[in-house]
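Residue-level listing of the chains:
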Amino acid sequence: MSGSLIKIREIIEKLSPSEKKVGMFILENPHKISDLSIGELAQMSGSSEATVVRLCKVLGFKGYKDFKISITKDIAYINNTGSTGEQYTDVEPGDPLESIIQNISYNNKKSIDNTLEILDFNEVKRAIEAIILAQRIDFYGVGASHIIAFDAFQKFSRINKVVTAHADTHMQIASASNLKKGDVAIAISYSGETKDTYDSIKMAKEANATTISITKYGQNSISQICDINLFVSAPEISIRSGAMSSRIAQLNVIDVLFAGVASDQFDEVKKYLNNTRFAINQKKIK
């Protein structure tokens, strides 16, 4: 599964009943779409041409023609890579260890691959440019998302960026209130609906900072108010392998941002990394 198909799968439960019928038909019959006119797709999915157009717009396309081209590319990708479009695999009670190892590893790799397909290059570029120019960067996350925020704090601190990633949500919103224009605030929440994270990023936006979200694909409360949206894809399955995969996908986005900044400021970053590496080496037992 690739690009547009991933996007449909990610938002299928949030679509209107008529849009959902179109989305389900496409997911079940992706190879047919390139040969169907908009009228034929509407008829075969039991909807209307207006509904098909609305779905295309929801997915970020100008119209049905652009959407069909994207689906054709998806099918070519599946055919060229030998992908079967398999879904994520859950861990079941009593699974043998070999299956657990394979399923968790498969889900983690798949979440990164699928995220790569939906990650918007221009949004990533804008995020990196904002971070480079920022005098201060705040990362907000609660629970497992705070682990990702702290990973970002650790990375960017090592290259001499002024960064915060408070675990306490009261400190997060207090920090957000003191941001200013040109600063950057990054909200990390897979669902995009974590209230404490939403409150902090909203405060950062009111303080005129550039706001960036890292959430699952589709409209959610956090992405709707942010200036830049970096979407990830991960499974929605019953056991914690789902949360594990979303964490891996979000950590990968943090790595992309860090590498983008480091590449742009290579000479300066190299100096700071050497400084921190030397300092850390002094702490080793000899």
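Before reading on, note that the structure itself is shown above.
Because the structure is predicted, anything quoted here is derived from the model rather than measured. (Residues numbered from 1 in each chain as written. Predicted model: local features only at pLDDT ≥ 70, side-chain atom pairs only at ≥ 80, totals over all residues. Heavy atoms only, no water.)

What follows concerns unusual backbone geometry. Backbone geometry places Asn-160, a non-glycine residue, at a positive phi of 70°. Examined against the element boundaries, Asn-160 turns out to sit in the loop between helix H8 (144-157) and strand S2 (163-164). Positive phi values are uncommon outside glycine, yet Asn-208 reaches one of about 75°. As for its placement among the helices and strands, Asn-208 is situated in the loop between helix H10 (195-206) and strand S4 (210-216). (Helix = DSSP H or I, 4+ residues; strand = E, 2+ residues; numbered from the N terminus.)

With that settled, consider the pattern of salt bridges. A complete count under the given rule lists twelve salt bridges for this structure. Here Lys-155 ties to Asp-151 by a salt bridge, and the two come within 2.8 Å at their closest N and O atoms. Within this pair, Lys-155 and its partner Asp-151 are both found in helix H8, separated by four residues, close to a single helical turn. Put simply, Asp-151, Lys-155 and Asp-255 are held in one network by salt bridges that share partners. (Salt bridge = Lys/Arg side-chain N within 4 Å of Asp/Glu carboxyl O.)

By the burial criterion, the buried members of helix H4 (residues 49-58) are Thr-51, Val-52, Leu-55 and Cys-56. Viewed end-on, H4 has its buried residues packed into an arc of 140°, placing them on one side of the element. Residue Gly-60 follows H4 closely and has a positive phi angle near 95°. (Buried < 20%, exposed > 50% of the residue type's maximum accessible area, 1.4 Å probe, protein only. Arc of directions from axis to C-beta.)

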